[in-house]
Structures are given as structure tokens and as C-alpha cells.
Amino acid sequence: MSHPRLTVLAGPTAVGKGTVSTYIRDNYPEVWLSVSATTRPPRTGEEDGVHYYFVSTSEFESLVADGQLLEWAVVHGRNRYGTLRRTVEEAMAAGKSVLLEIDLQGARQVKESMPDANFVFLTPPSWDEMVRRLVGRGTESTEEQQRRLETAKLELAAESEFDHTVVNDDVRRAAAELVSLMGIHPRDS
Ligand code: 5GP
């Protein structure tokens, strides 16, 4: 069986996509994990060029205007995030197994331009677990909690747009399943 060289990992907010991709970065060097551009400021411990390319709003606008982004989106109504077209195309041309960890809006854009890519949806182990993660410690108002749950329902409904679903019950197991969908032999776990 041949595997497409580009895999897109997306899923609802708070499902743990970042944790799975960090695990893959640390444990599967044979996966070429795309480094996105973002206007969000770096968090403690994040390095420019490793976790993201941290750019200003005007730099981001130039990337968009020059057609340098394969996809981009405003995430959580605030910051902009986008995938650099050239680095992804070069990695694919070099025969690497490329992984994009992006939001749903971005995944839909990639589906338009690269319908043959491999689209993987990361989902929580159960709706109850999702509610627990989203509602958190009850510090948000009831309206805010309701709003988050409505968003989560809409996001979960996107699963049918994807080729595969991986349940994030355990980060190591979920990462192993994801890399095997990419044609990479998972580490013993
Ligand atoms: P964070 O700010 O926590 O690192 O990421 C927030 C969200 O942005 C995550 O849902 C992540 O999937 C998404 N994201 C990261 N990079 C990109 C990108 O290049 N494009 C899109 N569309 N979303 C991205």
C-alpha cells in the first residue's frame, strides 16, 4: 500500500493535538512536522523556527499577499496561523513524510488544494471527557460554557470530512496510530 506524503492532523479545540504533535516531534524524527508562521507571541520555552515562526501582523500579511501560505486561518478569533508552502513542497519533493497539525479551517483549505492528502481527525475518548476538559474548573460563566460546548459539537461533526479518526485516549498510543497511518512503523509501546 502506498501512503500519501502529506498528512493533515486536525480536530476539535482542546482535544490534545498539540500534545500529540509534540510527542511526534520528540519521538519520531522520521516525520517532517511543518513549522507554521503565527502572529501569536511565543510562550515560555518556545523557540522561533522550532515551534513556530513568530512573525508580526504585517509580516504575516506579506506572506498572504505573496501567496506563500498553503493555508491560513484566524484561530480562536485572535491570532493568525499559516503553513509555509515552500518548506512543505520541498519536504514532499525530498520524499519526506510530512505532517501538518492545523485547525479545522486550515484542514478544509488543504482539502481544496490537495484532495489526495491524508486527513486524520483526532477525537476525544468520549463526549463526557470533552465536556470535562472544556468546562474545566467551572471558572467560566454558564453562557461561556454553553458557547464552548456548542462549538465543540460543531467541530466534532467535522469528523465525516476526514479519511481516518484517531482517538486521543493516550498520547503515545494515538501517536503510534497516527504514524502507522503515515506508513511509518510505530515504536514499541
Ligand atoms: P497554539 O497557539 O495553542 O499553539 O495553537 C492554537 C491552534 O492553532 C491549534 O488548534 C493549532 O492546530 C492551530 N494551528 C497551528 N498552526 C496552524 C497553521 O499553520 N494553520 C492553521 N490553520 N492552524 C494552525
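Just so you know, these numbers come straight off a predicted model, no measurement behind them.

The rules behind each value
Residues numbered from 1 in each chain as written. Predicted model: local features only at pLDDT ≥ 70, side-chain atom pairs only at ≥ 80, totals over all residues. Heavy atoms only, no water. Helix = DSSP H or I, 4+ residues; strand = E, 2+ residues; numbered from the N terminus. Contact = heavy atoms within 4.5 Å. Phe/Tyr/Trp six-rings, centres within 6.5 Å; stacked < 30°, edge-to-face > 60°. Buried < 20%, exposed > 50% of the residue type's maximum accessible area, 1.4 Å probe, protein only. Lys NZ or Arg CZ within 6 Å of the ring centre and 35° of its normal. Core = buried A, V, L, I, M, F, W, Y, C linked by side-chain atoms within 4.5 Å. Salt bridge = Lys/Arg side-chain N within 4 Å of Asp/Glu carboxyl O.

Engineer: Explanation requested: the environment of V98 in the structure shown.
Structural biologist: Along the chain, V98 falls in strand β7 (residues 97–101). Sequence separation of V98 and P124 is 26 residues, and the distance between their C-alpha atoms is 24 Å. Beyond its immediate sequence surroundings of up to four residues, V98 is in contact with R5, L6, T7, W32, V88, A91, M92 and M182.

Engineer: What am I meant to see in the packing of aromatic side chains here?
Structural biologist: Each pair of aromatic rings is reported with the distance of its centres and the angle of its planes. This structure, assessed with the given rule, holds five aromatic pairs. Measuring from centroid to centroid gives 6.4 Å for F119 and F162, while their planes differ by 80 degrees, and the two rings are edge-to-face. One end of the pair, F119, is in strand β8 (residues 118–123); the other, F162, is in the loop between α6 (142–156) and β9 (164–167), and 43 residues separate them in sequence. In this pair, the class of F119 matches that of F162, namely buried. Taken together, the ring pairs in this structure connect Y52, F54 and Y81 into an aromatic cluster. Over the face of the ring belonging to F119 we find K111, whose NZ or CZ atom lies 5.5 Å from the ring centre.

Engineer: Explain the nonpolar core to me, please; I cannot follow it from the model alone.
Structural biologist: As a rule of thumb, soluble globular proteins bury nonpolar side chains together. Within the largest apolar cluster, 19 residues are counted, with the highest numbers of intra-cluster contacts made by L9, V20, I24, Y28, V31, L99 and L178. Those elements that provide at least two residues to this core are α1 (17–27), β2 (31–33), β8 and α7 (171–181). Top contributing element to this core by residue count: α7, with six residues.

Engineer: Quick question: what am I supposed to make of the environment of H164 here?
Structural biologist: Relative to the helices and strands, H164 resides in strand β9. Judged by its relative accessible area of 31%, H164 falls in the partly exposed class. Ignoring any residue separated from it by four or fewer positions in sequence, one finds H164 in contact with N118, F119, V120, F121 and L181.

Engineer: Explain the pattern of salt bridges to me, please; I cannot follow it from the model alone.
Structural biologist: Should their charged atoms come close, side chains of opposite charge can pair. One pass over the structure, following the stated rule, counts 11 salt bridges. Across the pair R40 and E46 runs a salt bridge, and its minimum N-O distance is 2.9 Å. A salt bridge links R148 to E144, with the nearest nitrogen and oxygen atoms 3.0 Å apart. Linking R148 with E144, this pair stays in helix α6, spanning four residues, or about one helical turn. The exposure class assigned to E144 is partly exposed, which follows from its relative accessible area of 22%.

Engineer: Looking at this structure, how should I read unusual backbone geometry?
Structural biologist: Apart from glycine, the bulk of residues carry a negative phi angle, and the bulk of peptide bonds sit in the trans form. The phi dihedral of H76 is positive, around 55 degrees, even though this residue is not glycine. Residue placement: H76 occurs in the loop between β5 (69–75) and β6 (79–84). When its relative accessible area of 55% is taken as the criterion, H76 is described as exposed.

By themselves, these are just geometric observations and shouldn't be taken as functional.
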